[in-house]
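Observations on the three-dimensional arrangement
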Amino acid sequence: MLVVEAKFDGEQLATDPVDHTDQPEFATELAWEIDRKALHQHRLQRTPIKLQCFALDPITSAKETIGYIVLDLRTAQETKQAPKWYQLLSNKYTKFKSEIQISIALETDTKAPVDNFKAKGAPPRDGKVPAILAGLDPRDIVAVLNEEGGYHQIGPAEYCTDAFIMSVTIAFATQLEQLIPCTMKLPERQPEFFFYYSLLGNDVTNEPFNDLINPNFEPERASVRIRSSVEVLRVYLALQSKLQIHLCCGDQSLGSTEIPLTGLLKKGSTEINQHPVTVEGAFTLDPPNRAKQKLAPIPVELAPTVGVSVALQREGIDSQSLIELKTQNEHEPEHSKKKVLTPIKEKTLTGPKSPRVSPVPSHNQSPPTKDDATESEVESLQYDKDTKPNPKASSSVPASLAQPVTTSNASEVASGQKIAVPATSYHFCFSIDLRSIHALEIGFPINCLLRYSYPFFGSAAPIMTNPPVEVRKNMEVFLPQSYCAFDFATMPHQLQDTFLRIPLLVELWHKDKMSKDLLLGIARIQLSNVLSSEKTRFLGSNGEQCWRQTYSESVPIIAAQGSNNRIADLSYTVTLEDYGLVKMREIFVSDSSQGVSAIQQKPSSLPPAPCPSEIQTEPRETLEYKAALELEMWKEMQEDIFENQLKQKELAHMQALAEEWKKRDRERESLVKKKVAEYTILEGKLQKTLIDLEKREQQLASVESELQREKKELQSERQRNLQELQDSIRRAKEDCIHQVELERLKIKQLEEDKHRLQQQLNDAENKYKILEKEFQQFKDQQNNKPEIRLQSEINLLTLEKVELERKLESATKSKLHYKQQWGRALKELARLKQREQESQMARLKKQQEELEQMRLRYLAAEEKDTVKTERQELLDIRNELNRLRQQEQKQYQDSREIASGKKDGPHGSVLEEGLDDYLTRLIEERDTLMRTGVYNHEDRIISELDRQIREILVKSNASN
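Residues numbered from 1 in each chain as written. Predicted model: local features only at pLDDT ≥ 70, side-chain atom pairs only at ≥ 80, totals over all residues. Heavy atoms only, no water.

Per an unreviewed UniProt entry, the recorded name for the chain is Centrosomal protein of 120 kDa, and the organism is Colobus angolensis palliatus. Quoted straight from UniProt, the Subunit (unreviewed entry) entry for the chain says "Interacts with TACC2, TACC3, CCDC52, TALPID3." The UniProt entry for the chain carries the following comment under Subcellular location (unreviewed entry): "Cytoplasm, Cytoskeleton, Microtubule organizing center, Centrosome". (UniProt positions renumbered as here; feature names shortened; annotations may be inferred.)

Rendered as structure tokens:
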């Protein structure tokens, strides 16, 4: 036998077993019932449908895998598709190419769902349906795609008289980085984020973007044409009351929001007839399963939002094609915030799914590079886009060098020039080595690890020692992987000021496998101490002179809870290395067009040199001098133009660097705000936990004191009970001794009484024997008298009389019983007789009617043989009737004789009992045959049984 099992959404279904042949036919439909929201979630996660084919043994019920098929849920459509052949994977029969023909489709469930009591949106009330839609079930109002007309029809065709356009626009988004938890890592490659929603069954996504902190995407409008009416559309929007929009990264949903659609068409409103109706605003994005993950609420100012506009209008009414966008930068001043009018990209949805349209970028973008200077969380959130401007300067080659210098245009000279930007920062390397922990003051061993963070070094990510080491009291333990070095660039005075103001806080954590990690204490390391230590000189990697300062000491670790008590000591070593000024950075400047240098060109239009035979003129008037002068003036002009271009490019680069710096600053500020909010929430949880622990400690102390008090009371009670027990034992011993003495005296007295009573008993027995002999003699004398003998005979006769009276009474009762039985038998006999007579009369009447009909029929016959035959049959029937009459008369006479008692039956108690049993058996057989429904009173066997029953009743009555 063959069977196919399919598993999806945690539910497994199976087909009916079929014969294991070359071409088995399953002809089975497997269906799962899910809502549209769950279907979209499965599509986003690409949940597969796995089908496994098994060979089933019907005797042992053993299953053997033949192969499996994995179906993609995204291929299922609401339109019916032709079945396809799918090849079995991991096929057991390797010599054959086994395939199964499968059709996968989506069907809208039209049956009324069972209303369970759940805290969800209430279904639409039947009373809300307008009067003009009477008889129309709101659940039957669904959107159906009309591919020929290019629109979606909502409701029955007779109600679809108006044309509408429904559009959804995603304009902007802010604070999207709040949706990424700190523990989540995005793909190493450049991630793409996009918004996804379903509009009337069409999956829509906007243009992907890469930056979550500053999302930059063009607004896009997705529109669908609808054929319906206002009332039907209002009922449909009441059913589909929310539009869910997801922020996705690949196949994963990072957050979602719901836009209410019930406000588009309010009851009694006619706004849609004059102008489009809209629902727009900034909606908060919530991470998936916030309640399940028990996430803390995000402050309003840091909540991630998305700007969405949903519009509905009648077809033919012009709608606004521009949308007002808000600047996403919170950190800019008020006067710098602008409202930009940006044309919206249109998407018209006419099919089940709309393809993603990639707009042509408006500027050139360089390949994305990962910024190594950002924090670790920023590295997991975004990849920076470095926009390199490529200005094009208009230049032209002079047409003739003989023209005046003032009218000639300059060309851009030089290619690949470098601009030196001097640096004012110093290159430092700071290293810290947490060496050991000693002098532990905690009474129990701990699995400790150290953790610290110093954002000034360029990274806010915490640094931790690993793995945890066990530390006990009065022992020193060296920490593994405790050395860390930081390379950074800063000003010396800024370094000194930061080290003086902000100490390094090292946290001591106890890591327990059975519970959460516990913060035991904090050590404060003053980093400014290293600045006052002795400097030593050393050579760098490139031979330059560098300075090193080293400082070591032990600092106490102060308890994080309770009083500020020292719980351990931490030994550490810090080193600061100064590598001097940061080397000069060189920025390459590229030109978009290369001019032709006048020096490299050989002028072809220069006049020939004058002959020496010509008249001598002044040197300044010669053509050579004028050409040289013009050349020198052109060189100066080109130098000025080149310097101006360099200054403009330098200014553009400095502005780009400033913008990038502002961007990085905003990113860091947003991350700091996010961290501060998270730390505030964690601090609140920690404070609550500390309060709970203090309460628990107080409760434990009170319980312990109560336990000590109860222990003392129990000990005193035990001593008192022991003393009372000893006293009672002593008193009981004394009482027992006294009782023993008394019992001994009593026993002695009782033994004396026993001897006396024994003597009296012997005397009484002797007297009894004498009296018994005298009584026996007197009794013998009395028995010999005649009066005694007569009295005994009277007693015997009295007993016989009583016995005879009892027998008489029983005979009388049996006589009455037999009389009653006789009366009932007579009634039964009369009833049977009457029934038999009625049946005989009915049979005779019926036969006479049949005879009359036969006579009338055969009289009309012309054939003589047929007439003779019919006459013979009539004679036979008449003879039969006569015989039946005689038989009835005989039975009637017999019954009369039985009633009058003329017939005598057998006598004897043995014969009477046999007749009763035989009568009972005949009645039971008759009743059994009648209950079957096959026989009636006119049948021969029933008549024979009735006759025998009547004969036995007659005999029984005669015998009585």
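Following the structure, the description resumes.
Before going further, it helps to examine the overall build of the chain. Looking only at helices and strands, one finds eleven helices and 32 strands in the chain. For the chain, the accessible area works out to roughly 65,600 Å², and carbon and sulfur atoms hold 53% of it. (Helix = DSSP H or I, 4+ residues; strand = E, 2+ residues; numbered from the N terminus. Areas by Shrake-Rupley, 256 points an atom, 1.4 Å probe, with all protein chains shown as cover.)

Attention shifts here to the packing of aromatic side chains. Under the defined criterion, the tally for this structure stands at 19 aromatic pairs. Ring plane angle 75° and centroid distance 5.7 Å describe the contact between Phe 8 and Trp 32, whose orientation is recorded as edge-to-face. Of this pair, Phe 8 sits in strand β1 (residues 2–8) while Trp 32 sits in the loop between β2 (11–14) and α1 (36–45), placing them 24 residues apart in sequence. Residue class for Trp 32 comes out partly exposed when judged on its relative accessible area of 22%. (Phe/Tyr/Trp six-rings, centres within 6.5 Å; stacked < 30°, edge-to-face > 60°. Buried < 20%, exposed > 50% of the residue type's maximum accessible area, 1.4 Å probe, protein only.)

At the junction of Asn 466 and Pro 467, the peptide bond is cis and its omega measures out at 0° in the coordinates. Following the sequence through the fold, Pro 467 ends up in the loop between β23 (459–464) and β24 (469–471).

Contact geometry for helix α8 (residues 786–859) and helix α11 (residues 940–959): axes closest at 11 Å, N-to-C directions at 150°. Judged by the angle between their axes, α8 and α11 are roughly antiparallel. Where α8 crosses over α11, the two elements pack in a sense that is left-handed. For the pair α8 and α11, contact is made by Trp 822, Ala 825, Leu 829 and Leu 832 and by Arg 950, Leu 953 and Asn 957, respectively. A class-by-class count of the residues in the contact of α8 with α11 yields five nonpolar, one polar and one charged. (Axes fitted to C-alpha atoms, helices over the stretch in contact; angles between N-to-C directions. Parallel < 35°, antiparallel > 145°, perpendicular 65-115°, else oblique. Left-handed = near helix turned anticlockwise from the far one by under 90°. Contact = heavy atoms within 4.5 Å. Nonpolar A, V, L, I, M, F, W, Y, C, P; charged D, E, K, R; others polar.)

Moving on, we come to the sheet that holds β1. The four strands lie next to each other as β2-β1-β3-β4, forming an open sheet whose pairing is antiparallel. A strand with exactly one partner marks an edge of an open sheet, and here the two such strands are β2 and β4 (63–72). When strand polarity is set aside, the average angle formed by the axes of neighbouring strands in this sheet is 20°. (Pairing = 2+ DSSP bridges.)

Let us now look at the pattern of salt bridges. All told, the structure shown has 32 salt bridges when counted by the stated rule. Of the charged contacts, one joins Glu 706 and Arg 709 as a salt bridge, the two residues approaching to 2.0 Å between their closest N and O atoms. Placement of both Glu 706 and Arg 709 in helix α7 (residues 623–783) is noted, with a separation of three residues, approximately one turn of the helix. On the basis of relative accessibility, which here comes to 37%, the residue Arg 709 falls in the partly exposed class. For the salt bridge of Arg 947 with Glu 944, the shortest nitrogen-to-oxygen distance reads 2.1 Å. (Salt bridge = Lys/Arg side-chain N within 4 Å of Asp/Glu carboxyl O.)

If you walk across this open sheet you meet the four strands as β11-β10-β13-β14, and the pairing is antiparallel. Because the sheet does not close on itself, it has two edges, and the strands there are β11 (202–205) and β14 (252–260). The sheet shows a mean angle of 25° between the axes of neighbouring strands, taken without regard to direction. As defined by bridge partners, strand β10 (residues 193–199) adjoins strand β13 (residues 242–249) across five bridges and the pair is classed as antiparallel. Bridge pairing in β13 links Tyr 196 to His 246. Along the sheet face, α1 touches β10, β11, β13 and β14 and points at about 15° away from the line of β13.

To continue, consider the side chain of Asp 203. In this fold, Asp 203 is placed in strand β11. A distance of 3.0 Å separates the side chain of Asp 203 from the side chain of Tyr 196, its partner in a polar contact. (Polar contact = N/O pair within 3.5 Å; in protein donor to acceptor, adjacent residues only side chain to side chain.)

Let us look at the pairing of strand β26 (residues 483–490). What you see with β26 is a clean split: Cys 484, Phe 486, Phe 488 and Thr 490 sit on the buried side and Tyr 483, Ala 485, Asp 487 and Ala 489 on the side with no burial. Of the pairings in the sheet, the one linking strand β21 (residues 426–438) to β26 comprises eight bridges and is antiparallel in character. Within β26, the position partnered with His 427 by the bridge is Ala 489.

This next bit is on a nonpolar patch on the surface. Judged by side-chain polarity, Tyr 625, Leu 629 and Met 633 come together as a nonpolar surface patch covering roughly 270 Å² of accessible area. Inspection of the secondary structure puts Tyr 625 in helix α7. A relative accessible area of 36% places Tyr 625 in the partly exposed class. (Patch = residues over 30% accessible without salt bridge, like charges linked within 9 Å, V, L, I, M, F, W, Y side chains within 5 Å.)

Relative to the 110 Å expected for 74 residues at 1.5 Å per residue, α8 spans 107 Å between its end C-alpha atoms, a close match to the ideal helical length. Listing the buried residues of α8 in full gives Ala 825, Leu 829, Leu 832, Glu 836, Ser 839, Gln 840, Leu 844, Leu 851 and Met 854. (Expected span 1.5 Å × (residues − 1).)

On to the nonpolar core. Grouped together as the largest cluster of nonpolar side chains are 46 residues, with contacts concentrated most on Phe 195 and Leu 312. Every element with two or more residues in this core is listed here: β9 (162–174), β10, β12 (220–228), α2 (230–239), β13, β14, β15 (277–284) and β16 (305–314). Examining the composition of this core, we find that six residues originate from one element, α2, more than from any other. Excluding anything up to four places from it in sequence, Leu 312 contacts Phe 164, Ile 165, Met 166, Leu 233, Leu 237, Leu 264, Leu 265, Ile 272, Pro 276 and Val 277. (Core = buried A, V, L, I, M, F, W, Y, C linked by side-chain atoms within 4.5 Å.)

This part takes up the state of the cysteines. Throughout the structure, instances matching the rule amount to zero disulfides. No disulfide involves Cys 248; its nearest neighbouring cysteine sulfur is the one of Cys 249, lying 8.8 Å away. Residue class for Cys 248 comes out buried when judged on its relative accessible area of 0%. The exposure class assigned to Cys 249 is buried, which follows from its relative accessible area of 12%. (Disulfide = S-S within 2.5 Å.)

Secondary-structure assignment places Lys 674 in helix α7. It turns out Lys 674 is buried and unbridged, and the closest side chain with the opposite charge, Glu 678, is 4.3 Å from it. In contact with Lys 674, not counting residues within four places along its chain, are Glu 177, Gln 178 and Ile 180. (Lys, Arg positive; Asp, Glu negative; His and termini not counted.)

Together, Glu 632, Glu 636, Glu 639, Asp 640 and Glu 643 make up a negatively charged patch on the protein surface. Tracing the sequence through the fold places Glu 632 in helix α7. (Charge placed at Lys NZ, Arg CZ, Asp CG, Glu CD.)

On to the confidence of the model for the chain, then. Here the chain shows a mean pLDDT of 76. Residues at 70 or above account for 77%. Strand β27 (residues 504–510) holds the highest mean pLDDT among the elements of the chain, 93, whereas strand β18 (residues 339–343) holds the lowest, 33. Low pLDDT, under 50, characterises residues 350–422; the predicted model gives this stretch 154 contacts beyond four residues in sequence or across chains. Confidence over residues 585–615 falls short of pLDDT 50; this stretch has 45 contacts with residues more than four positions distant or in other chains. (pLDDT = per-residue confidence, 0-100.)

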